[in-house]
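The chain contents come next:
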Amino acid sequence: SFHATAARVTLAAVSFAVAVACGLAAWQLSAPLSAPVIFPFSETFYVRSVSATQPAEAMKWARRAVDVAPGRPENWLLLGRASQMQDGYVSARVVTALRKSYGAGAFSPNAHEWRLAYVYMNWSALPRDIQISARNEILVYSTRVAGRFYLRKLFAMTTDPDARLGLGLLMFRRQTEDGLRDMEAR
């Protein structure tokens, strides 16, 4: 009977420990800025980096997000943003982070809007391969209704003349292809 009592107490203790861990994890995920960082959740690090006002702090949290989840393209964007905060311009570190973002998920729905805005706002400072990746991303994203709406918004935000012209041509191409597809369907 001692063993049965010990087993029940052990099971209760393990259940309690699991419940506490789940509660702490839920707290950390629901309030990433105020909860203690107990678990290595990419989402927590992401939010902390985005809300950081000091470049060093933004970089620290962005690096942790990338270390925990390098396959998430939005984490690489975060690292690029933090690098630009530290460097003050679109440096080689920023370009490397953007390339890795495209490598991790060129057509990731979690990265489309932020990445496209970032690329088009820094268009003239970015190398040709990133510009081509952004154009390819637009061609894929614009096949969705949400993508077409976003591209109009992106076009309104874009100030670089070359970026604006290219984006306008891509939007015209999408409209023409959609119109031709509609005509064929009739």
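These numbers come from a predicted model, not from an experiment.

(A) Molecular detail of helix α9 (residues 161–185). Here α9 contains 25 residues, and its C-alpha end-to-end distance of 36 Å stays within 8% of the 36 Å for a straight helix at 1.5 Å per residue. What α9 keeps buried is the set Ala163, Gly166, Leu167, Leu170, Met171, Arg174 and Asp178. On the buried face of α9, the contacting elements are α6 (112–121), α7 (128–141) and α8 (145–157). The backbone nitrogen of Asp162 has a side-chain oxygen 3.0 Å away, supplied by the residue at the start of α9, namely Asp160.

(B) The arrangement of the packing of helix α4 (residues 73–87) against helix α5 (residues 92–105) in detail. Put simply, α4 and α5 touch, their axes get as near as 8 Å, and they point 175° apart. The angle between α4 and α5 places the two elements in the roughly antiparallel class. Within the contact between the two elements, α4 uses Pro73, Trp76, Leu77, Leu79, Gly80, Ser83, Gln84, Gln86 and Asp87 and α5 uses Arg93, Val94, Ala97, Leu98, Lys100, Ser101, Ala104 and Gly105. Its residues placed into classes, the contact of α4 with α5 shows 8 nonpolar, 6 polar and 3 charged.

(C) Focus on the side chain of Ser91. In this fold, Ser91 is placed in the loop between α4 and α5. Here Ser91 falls in the buried class, since its relative accessible area comes to 5%. Within the local environment of Ser91, its side chain forms a polar contact with the side chain of Asp87, the two groups lying 2.5 Å apart.

(D) Broad picture of the packing of α4 against α6. Direction vectors running N to C along α4 and α6 enclose 35°, while the axes themselves pass 10 Å from each other. Where α4 crosses over α6, the two elements pack in a sense that is left-handed. Between α4 and α6, the residues in contact are Pro73, Glu74, Leu77, Leu78, Gly80, Arg81 and Gln84 and Trp114, Arg115 and Tyr118, respectively. Here the residues of the contact of α4 with α6 are counted per class, giving 5 nonpolar, 2 polar and 3 charged.

(E) The arrangement of the packing of aromatic side chains in detail. Across all of its chains, the model carries 4 aromatic pairs by this definition. Where Tyr120 meets Trp123, the ring centres are 4.6 Å apart and the plane angle is 25°; that geometry is what we call stacked. For the pair Tyr120 and Trp123, one class covers both residues: buried. Ring geometry for Tyr141 versus Tyr150: centroids 6.2 Å apart, planes at 50°, classification tilted. Take Tyr141 and Tyr150: they sit in the same class, and that class is buried.

(F) Local environment of the nonpolar core. By size, the foremost hydrophobic cluster in this structure holds 26 residues, and its most contacted members are Leu98, Leu116, Val119, Tyr120 and Leu154. Breaking this core down by element, the ones donating at least two residues are α5, α6, α7, α8 and α9. Beyond its immediate chain neighbours, meaning those up to four positions away, Leu98 contacts Leu77, Tyr118, Val119, Leu126 and Ile130. In terms of nonpolar packing, the next biggest core, distinct from the first, is built from 13 residues, Phe45, Met59, Ala65 and Ala97 among them.

Reading the values: rules and limits
Here the residue numbers are simple positions, counted from 1 along each chain's written sequence. Owing to the predicted nature of the model, reporting of local features is limited to residues with pLDDT of at least 70; listing and counting of side-chain atom pairs is limited to 80 or more, with chain, interface and lining totals taken over all residues. In computing side-chain properties, one takes all heavy atoms of the structure into account and sets aside hydrogens as well as water. Here a helix means four or more residues in a row that DSSP labels H or I, a strand means two or more in a row labelled E, and each is numbered from the N terminus. Expected span of a helix: the number of residues minus one, times 1.5 Å. Each residue is placed in one exposure class: buried if its accessible area under a 1.4 Å probe, protein chains only, is under 20% of its type's maximum, exposed if it is over 50%, and partly exposed if it falls in between. Contact between two residues is taken to exist if any of their heavy atoms lie within 4.5 Å; hydrogens are not considered. Two N or O atoms count as a polar contact when they lie within 3.5 Å, although within protein this holds only if one can serve as hydrogen donor and the other as acceptor, and sequence-adjacent residues are included solely when both atoms are side-chain atoms. Only C-alpha atoms enter the line fits that serve as axes; for helices the fit covers just the stretch in contact. Angles between N-to-C directions range over 0 to 180 degrees. Any angle between 65 and 115 degrees counts as roughly perpendicular, while under 35 counts as roughly parallel, over 145 as roughly antiparallel, and the rest as oblique. Any residue outside Ala, Val, Leu, Ile, Met, Phe, Trp, Tyr, Cys, Pro, Asp, Glu, Lys and Arg is labelled polar, Gly included; the first ten of those are nonpolar and the last four are charged. Two helices crossing with the near one rotated counterclockwise from the far one by less than a right angle form a left-handed crossing, whereas a clockwise rotation gives a right-handed crossing. Only Phe, Tyr and Trp rings take part, Trp by its six-membered ring, and two of them pair if their centres are within 6.5 Å. Stacked means planes under 30 degrees apart, edge-to-face means over 60, and tilted covers everything else. To form a nonpolar core, buried Ala, Val, Leu, Ile, Met, Phe, Trp, Tyr and Cys residues must be joined to one another through side-chain atoms within 4.5 Å.

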